[in-house]
Amino acid sequence: LEAKEEFSHKTRAMDVMRPRKSDPPLTVITQDTMTVEDVETIVTSTTYSGYPVVVSRTSQRLVGFVLRRDLIISIENARKKQDGIVSTSIICFTDYCPPLPPSSPSVLKLRSILDLSPFTVTDETPMEIVVDIFRKLGLRQCLVTHNGKLLGIITKKDVLKHIAQMANQDPDSILFN
Ligand code: ADP
């Protein structure tokens, strides 16, 4: 039992989350400063299933999580059916959208597709606990924070890969069986 405890506390969320140190930063969407075109570029240039929404890039404070497919559908619909939505329209995930000059195009409000309470753990959380949470809550992804700032993401596949790696390194371990 002791050995198990020791083993389980070795890896923490920070060791499994993406991005790795050498990777480009996490792809995030800001809550009220990106245009339709900015977000379209993000969804076409990446294949991630979802994107954290933050207050601003500098604050990295988490607002929520938005699924790629919901973004694509909502933008497509708005472009077709909503008057005044163009490439330069600001996308707004907040309750109250910032006032813009009268000449600016209509704002696209997407609060309804935002998951306002995505599951988060801190970077210090032992992976044993993260694995348990994924199993018990049936999570698809979990965000990782440090002092309230968004650091990374762990997907279900990342967890499965981690479990496989651990099993290889330590075949006698019963932790993840
Ligand atoms: P899956 O892990 O099922 O392939 P994704 O396609 O969403 O799911 O993620 C692929 C990889 O990219 C995973 O390792 C994940 O941790 C990472 N990832 C997911 N979302 C983002 C994001 N918004 N920015 C950077 N990396 C991400």
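Here's what I pulled together on the structure shown here. Treat the numbers as computed from the prediction; the structure is a model and nothing was measured.

## Quick notes on the site of the ligand
- Lining the immediate environment of the ligand, one finds 13 residues, of which Arg18, Thr27, Ser49, Thr155 and Asp158 sit closest.
- At 2.6 Å, a side-chain N or O of threonine 155 approaches an oxygen atom of the ligand.
- Bound to the protein, the ligand loses 80% of the 540 Å² it would expose on its own.
- When contributions to the shell around the ligand are tallied by element, the ones reaching two or more residues are β2 (50–54), β8 (149–155) and α6 (156–169).
- In terms of residue count, the dominant contributor to the shell around the ligand is β2 (3 residues).

## A word on the packing of helix α3 (residues 36–45) against helix α4 (residues 68–81)
- Interaxial distance between α3 and α4 falls to 11 Å at its minimum, and their mutual angle equals 140 degrees. Accordingly, the angle class assigned to the pair α3 and α4 is oblique. The way α3 lies across α4 gives a crossing that is left-handed. Of the residues in α4, those in contact with Val36, Val39, Glu40 and Val43 of α3 are Arg68, Leu71, Ile72, Ile75 and Arg79.
- Classifying every residue of the contact of α3 with α4 by side-chain character gives 6 nonpolar, no polar and 3 charged.

## Observations regarding the pattern of salt bridges
- According to the stated counting rule, one finds 6 salt bridges in the structure shown.
- We note a salt bridge from aspartate 158 to arginine 18, for which the minimum N-O separation is 4.0 Å. Residue aspartate 158 is found in helix α6, and its partner arginine 18 is found in the loop between α2 (13–16) and β1 (29–30); the two are separated by 140 residues along the sequence.
- For aspartate 158, a relative accessible area of 8% corresponds to the buried category.

## A look at the state of the cysteines
- This model, assessed by the stated rule, comprises 1 disulfide.
- Each disulfide pairs two cysteine sulfurs, and for cysteine 92 the partner residue is cysteine 97, the sulfurs being separated by 2.4 Å. Its S-S torsion of about -105 degrees marks the bond between cysteine 92 and cysteine 97 as left-handed, since a negative value means left-handed.
- In this structure cysteine 92 comes out as buried when scored by relative accessible area, which is 0%.
- Judged by its relative accessible area of 22%, cysteine 97 falls in the partly exposed class.

Rules behind the numbers
Every chain's residues receive numbers from 1 upward, in the order its sequence appears when written. Whole-chain, interface and lining totals are the exception, using all residues; otherwise, since this is a predicted model, local features are given only for residues with pLDDT of at least 70 and side-chain atom pairs are given and counted only at 80 or more. Hydrogens and waters are ignored; side-chain quantities use all the structure's heavy atoms. Consider each residue's heavy atoms; a residue with any of them within 4 Å of a molecule or strand counts as near. Polar contact is the term for a pair of N or O atoms within 3.5 Å; when the atoms are in protein, one must be able to donate a hydrogen and the other to accept it, and sequence-neighboring residues count only if both atoms are side-chain atoms. Note on areas: Shrake-Rupley with a 1.4 Å probe; residue coverage comes only from the protein chains shown. Helix numbering and strand numbering both begin at the N terminus, where a helix is a DSSP run of H or I of at least 4 residues and a strand a DSSP run of E of at least 2. Whenever a helix is involved, its axis is fitted only over the stretch in contact; in every case the axis is a line through C-alpha atoms, and angles between N-to-C directions fall within 0 to 180 degrees. By definition in this entry, angles of less than 35 degrees are roughly parallel, angles greater than 145 are roughly antiparallel, angles of 65 to 115 are roughly perpendicular, and the rest are oblique. Each crossing gets its handedness from the near helix: less than a right angle anticlockwise from the far helix is left-handed, clockwise is right-handed. Residue contacts are defined here by distance: any two heavy atoms, one from each residue, within 4.5 Å place the two residues in contact. Side-chain classes are defined by residue name, with Ala, Val, Leu, Ile, Met, Phe, Trp, Tyr, Cys and Pro counting as nonpolar, Asp, Glu, Lys and Arg as charged, and the others, Gly among them, as polar. Salt bridges are counted wherever a side-chain nitrogen of Lys or Arg sits within 4 Å of a carboxyl oxygen of Asp or Glu. A 1.4 Å probe rolled over the protein chains alone gives each residue an accessible area, and that area as a share of the maximum for its type sets the label: buried under 20%, exposed over 50%, partly exposed in between. By disulfide we mean two sulfur atoms from cysteines, separated by a distance within 2.5 Å.

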